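Single-letter residue listing:
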Amino acid sequence: MRLHRSRAVTAGTRIDSIPPMALLNPVPPPYDVREWQKKPFAERVKMVCQSWALQGYGTPWPIYIVYLMKIGFYVWMWSFFCSFTEGLGNLGSFSTWYFEPIAFQKAVLWSMAFEGLGLGCGSGPLTGRYKPPFGGALYFCTPGTIKVPLFPGLPILGRDQRSLFDVLLYVAHMGFLFRALIAPELSAELLAPTLILLPLLGITDKTIFLASRAEHYYTALVCFMFAGDWLTGSKFVWVGIWMWAATSKLNHHFPSVVAVMQSNSPLTQIGSLRKLLYRSYPDDLRPSRLAHVMAHAGTAVEYAFPVVLLLSDGGTTTTVALVVMLGFHTFITSSIPMGVPIEWNVLMVYGGFVLFGHYADVNAFAIGSPLLIAYLAFALVAVPLFGNFVPSRASFLCSMRYYAGNWAYSVWLFKGDASKKLDDCLLYTSPSP
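The text that follows walks through the structure, step by step, so that each part is easy to find. Note that this is a predicted model, so its numbers are computed, not measured. (Residues numbered from 1 in each chain as written. Predicted model: local features only at pLDDT ≥ 70, side-chain atom pairs only at ≥ 80, totals over all residues. Heavy atoms only, no water.)

### What to know about the overall build of the protein
No. 1: On a plain count of helices and strands, the protein comes out with 17 helices and two strands.
No. 2: On C-alpha atoms alone, the protein measures out to a radius of gyration of 23 Å, which is about the 22 Å that the 2.2 N^0.38 rule sets for 433 residues.
No. 3: For the protein, the C-alpha atoms occupy an extent of roughly 65 × 55 × 45 Å along the three principal directions.
No. 4: In the protein, which comprises 433 residues, the proportion classed as buried is 45%.
No. 5: Contacts spanning at least 24 positions in sequence make up 68% of the contacts within the protein whose residues lie at least 6 apart. (Helix = DSSP H or I, 4+ residues; strand = E, 2+ residues; numbered from the N terminus. Rg over C-alpha atoms; globule rule 2.2 N^0.38 Å. Buried < 20%, exposed > 50% of the residue type's maximum accessible area, 1.4 Å probe, protein only. Contact = heavy atoms within 4.5 Å.)

### A word on the nonpolar core
If you look at soluble globular proteins, the nonpolar side chains tend to sit buried side by side.
No. 1: Formed by 79 residues in total, the largest nonpolar core has its most connected members in Phe104, Trp110, Trp238, Tyr350 and Phe356.
No. 2: Broken down by element, the residue count for this core peaks at 10 residues, all from helix 5 (residues 101–116).
No. 3: Residue contacts for Phe356: discarding those within four places in its chain leaves Lys235, Trp238, Val239, Trp242, Leu309, Leu310, Thr318, Leu322 and Gly351.
No. 4: Ranked by size, the runner-up nonpolar core spans eight residues in total, among them Ile63, Ile71, Ile336 and Ile342. (Core = buried A, V, L, I, M, F, W, Y, C linked by side-chain atoms within 4.5 Å.)

### A word on helix 12 (residues 254–262)
No. 1: Along helix 12, the residues classified as buried are Phe254, Pro255, Val258, Ala259, Met261 and Gln262.
No. 2: Where helix 12 is buried, its residues contact strand 1 (278–280), strand 2 (284–287), helix 13 (289–311) and helix 14 (315–335).

### Looking at the environment of Leu210
No. 1: Mapped onto the elements of the fold, Leu210 is located in helix 9 (residues 206–211).
No. 2: Since its relative accessible area comes to 23%, Leu210 is described here as partly exposed.
No. 3: Sequence-wise, Leu210 and Gly416 are 206 residues apart; in three dimensions their C-alpha atoms are separated by 33 Å.
No. 4: For Leu210, the contacting residues outside a window of four places in its chain are Ser395, Leu397 and Cys398.

### Comments concerning the environment of Ser265
No. 1: Here Ser265 shows up in the loop between helix 12 and strand 1.
No. 2: Once the C-alpha coordinates of Ser265 and Val27 are considered, the two residues, 238 residues apart in sequence, prove to be 14 Å apart.
No. 3: Apart from residues no more than four positions distant in its own chain, Ser265 is found in contact with Arg274, Ser334 and Ser335.
No. 4: A polar contact of 3.4 Å, which involves the side chain of Ser265, links it to the backbone oxygen of Ser334. (Polar contact = N/O pair within 3.5 Å; in protein donor to acceptor, adjacent residues only side chain to side chain.)

### Considering the pairing of strand 2
No. 1: The sheet contact formed by strand 1 and strand 2 spans two bridges and is antiparallel. Residue pairing for strand 2: Ser280 is matched across the bridge by Asp284.
No. 2: Count of turn residues in the strand 1/strand 2 antiparallel hairpin: three residues. (Pairing = 2+ DSSP bridges.)

### Overview of the packing of helix 10 (residues 217–224) against helix 16 (residues 370–389)
No. 1: Between helix 10 and helix 16, whose axes approach to 11 Å, the crossing angle comes to 175°. With respect to helix 16, the element helix 10 is oriented roughly antiparallel. On the side of helix 10, the interface is formed by Tyr218, Thr219, Val222 and Cys223, while helix 16 contributes Leu372, Tyr375, Leu376, Ala379 and Leu380.
No. 2: Partitioned by chemical class, the residues of the contact of helix 10 with helix 16 number eight nonpolar, one polar and no charged. (Axes fitted to C-alpha atoms, helices over the stretch in contact; angles between N-to-C directions. Parallel < 35°, antiparallel > 145°, perpendicular 65-115°, else oblique. Nonpolar A, V, L, I, M, F, W, Y, C, P; charged D, E, K, R; others polar.)

### Section: the packing of helix 11 (residues 230–247) against helix 13
No. 1: Where helix 11 contacts helix 13, the two axes come as close as 8 Å, and the packing angle between them is 160°. Here helix 13 runs roughly antiparallel to helix 11, going by the angle between their axes. The handedness of the crossing between helix 11 and helix 13 is left-handed. For the pair formed by helix 11 and helix 13, the contact residues are Phe236, Val239, Trp242, Met243, Ala245, Ala246 and Thr247 on the first element and Thr299, Glu302, Tyr303, Phe305, Pro306, Val307, Leu309 and Leu310 on the second. (Left-handed = near helix turned anticlockwise from the far one by under 90°.)

### Considering the side chain of Asn264
No. 1: If you trace the backbone, Asn264 turns up in the loop between helix 12 and strand 1.
No. 2: A distance of 2.8 Å separates the side chain of Asn264 from the backbone nitrogen of Tyr57, its partner in a polar contact.
No. 3: Apart from residues lying up to four places away in sequence, Asn264 is in contact with Trp52, Gly56, Tyr57, Thr59, Tyr64, Leu126, Arg274, Ser335, Ile336 and Met338.

### Looking at the packing of aromatic side chains
No. 1: Summed over all chains, the structure comprises 33 aromatic pairs.
No. 2: Centroid distance Tyr74 to Trp110: 6.5 Å. Interplanar angle 20°. Geometry classified as stacked. Highlighted residues: Tyr74 in helix 4 (residues 61–82) and Trp110 in helix 5, separated in sequence by 36 residues. This pair shows no difference in class: Tyr74 is buried, exactly as Trp110 is.
No. 3: When the ring of Phe80 is compared with that of Phe84, the centres are 5.3 Å apart and the planes differ by 80°; the resulting orientation is edge-to-face.
No. 4: Ring-pair connections join several aromatic residues into one group, and the members of that group are Trp78, Phe94, Trp97, Tyr98, Phe99, Phe104, Phe224, Trp230, Trp238 and Tyr350.
No. 5: We note Arg44 situated over the ring of Trp36; from NZ or CZ to the ring centre the distance is 5.7 Å. (Phe/Tyr/Trp six-rings, centres within 6.5 Å; stacked < 30°, edge-to-face > 60°. Lys NZ or Arg CZ within 6 Å of the ring centre and 35° of its normal.)

### Comments concerning helix 11
No. 1: Over its 18 residues, helix 11 runs 25 Å from end to end, which matches the ideal 26 Å to within 8%, given 1.5 Å per residue.
No. 2: Counting buried residues in helix 11 gives 15 out of 18 residues, a clear majority hidden from the surface. (Expected span 1.5 Å × (residues − 1).)

### Quick look at the pattern of salt bridges
Oppositely charged side chains are able to pair whenever their charged atoms sit close together.
No. 1: Scanning all chains against the criterion turns up seven salt bridges.
No. 2: Close ionic contact of Lys147 with Asp166 constitutes a salt bridge, the shortest N to O distance being 3.8 Å. You can see Lys147 sitting in the loop between helix 6 (137–140) and helix 7 (164–181) and its partner Asp166 sitting in helix 7, a full 19 residues away along the chain.
No. 3: Since its relative accessible area comes to 4%, Lys147 is described here as buried. (Salt bridge = Lys/Arg side-chain N within 4 Å of Asp/Glu carboxyl O.)

### Let's talk about the state of the cysteines
No. 1: Counted by the stated rule, this structure contains zero disulfides.
No. 2: The closest cysteine sulfur to the non-disulfide-bonded Cys223 is located on Cys398, 16 Å from its own sulfur. (Disulfide = S-S within 2.5 Å.)

### A few points about the side chain of Lys235
No. 1: Summarising the element assignment, Lys235 is placed in helix 11.
No. 2: Although Lys235 is buried, it forms no salt bridge, and the closest oppositely charged side chain is Asp361 at an N-O distance of 6.4 Å.
No. 3: Setting aside anything within four residues of it in sequence, one finds Lys235 in contact with Leu355, Phe356, Tyr359, Ala360, Val362 and Ala364. (Lys, Arg positive; Asp, Glu negative; His and termini not counted.)

Listed below in structure tokens is the structure:
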């Protein structure tokens with residue numbers, strides 16, 4: 001309701017009379033909010049869906065620029081951390097050093113820190129975060145906030161409120177991450193604290209483990225511990241992400257996801273493109289044939305190029321697959337979807353060019369360590385399989401069910417203004433949504 005009130009203020013305002021800060025106001029819905037509030041629930045839902053089909057989230061265009069600036073910050077900080085190694089970090093000579101092992105490894109470390117700080121795909125107004133635009137570290141560093149322990153009731157680690165010990169554990173984890181990021185060279189001794197502390201944080205609060213995108217970055221870090229096999233192991237991490245993400249799209253609702261997501265894309269604001277995503281706007285908002293084709297074609301592409309990259313060893317075939325991969329992730333990024341995992345897409349593209357482009361001649365099936373093979377089988381096969389068959393028992397992140405839709409969720413029911421009791425009992429670091 002807070003979003004609707006902010007939109008209502010802008011209704012009927014002339015563009016030339018809008019003050020600069022009003023440019024950040026959402027696009028108002030095509031109906032009077034006060035009248036909308038009086039209508040039956042089913043009618044309100046219908047009106048909101050019709051509004052979304054043409055306006056998406058109502059995002060003001062300066063917000064898209066903010067997200068582009070965030071990508072720039074993400075890339076620039078990565079180059080800054082690379083600059084601690086002689087000869088690396090100058091973005092002007094990017095093509096001469098991007099493939100260096102330490103540059104790739106620091107990209108993974110920085111991505112884990114970026115997400116763990118709350119700056120990644122769960123930040124900003126496109127995820128309902130306004131003041132402040134990010135949480136993460138603000139919340140994890142505040143004793144008394146709610147947490148989700150893996151084993152409730154466990155001594156010290158199993159409390160449902162964050163203790164000073166929990167905060168210090170999180171700060172230590174981030175400290176060791178940044179110590180590795182500013183190191184001229186990476187070693188097992190620099191990576192080991194992260195490999196120990198992040199699972200420990202996962203026991204005391206599952207949220208931190210999941211927010212750090214451990215299914216991707218932690219698995220890659222494990223590969224880095226095997227000097228002779230880190231390239232081959234990382235190749236399977238990237239392929240595993242792509243293949244399971246594609247698998248999660250094998251469902252009946254993914255065409256609806258595409259239609260709804262593209263209705264929020266700044267690129268579909270041209271003409272009546274958004275109407276083409278639906279069968280018959282405004283009466284039938286089921287996905288159109290175009291949305292079905294886009295959904296199924298995208299799924300097929302995400303299955304195809306990882307297989308080609310994994311089996312090819314350079315040359316034209318690899319180049320074509322890399323171009324397709326770049327186009328695939330560019331399309332996702334240009335949609336600027338809710339949840340907006342833009343930095344993740346940047347890393348996937350970068351990793352694709354490093355692992356399968358520059359190191360195309362490295363045979364992915366030449367892993368020599370049985371221990372690494374066992375871990376990759378666990379993290380990239382066993383856990384996703386379990387999560388897909390028993391989704392109520394495993395996070396959609398660890399299971400890589402990114403589009404499956406059958407995620408575990410909770411429903412909260414409040415009567416009247418009973419939700420205000422939460423404000424009296426719980427410690428927040430930002431306003432309650």
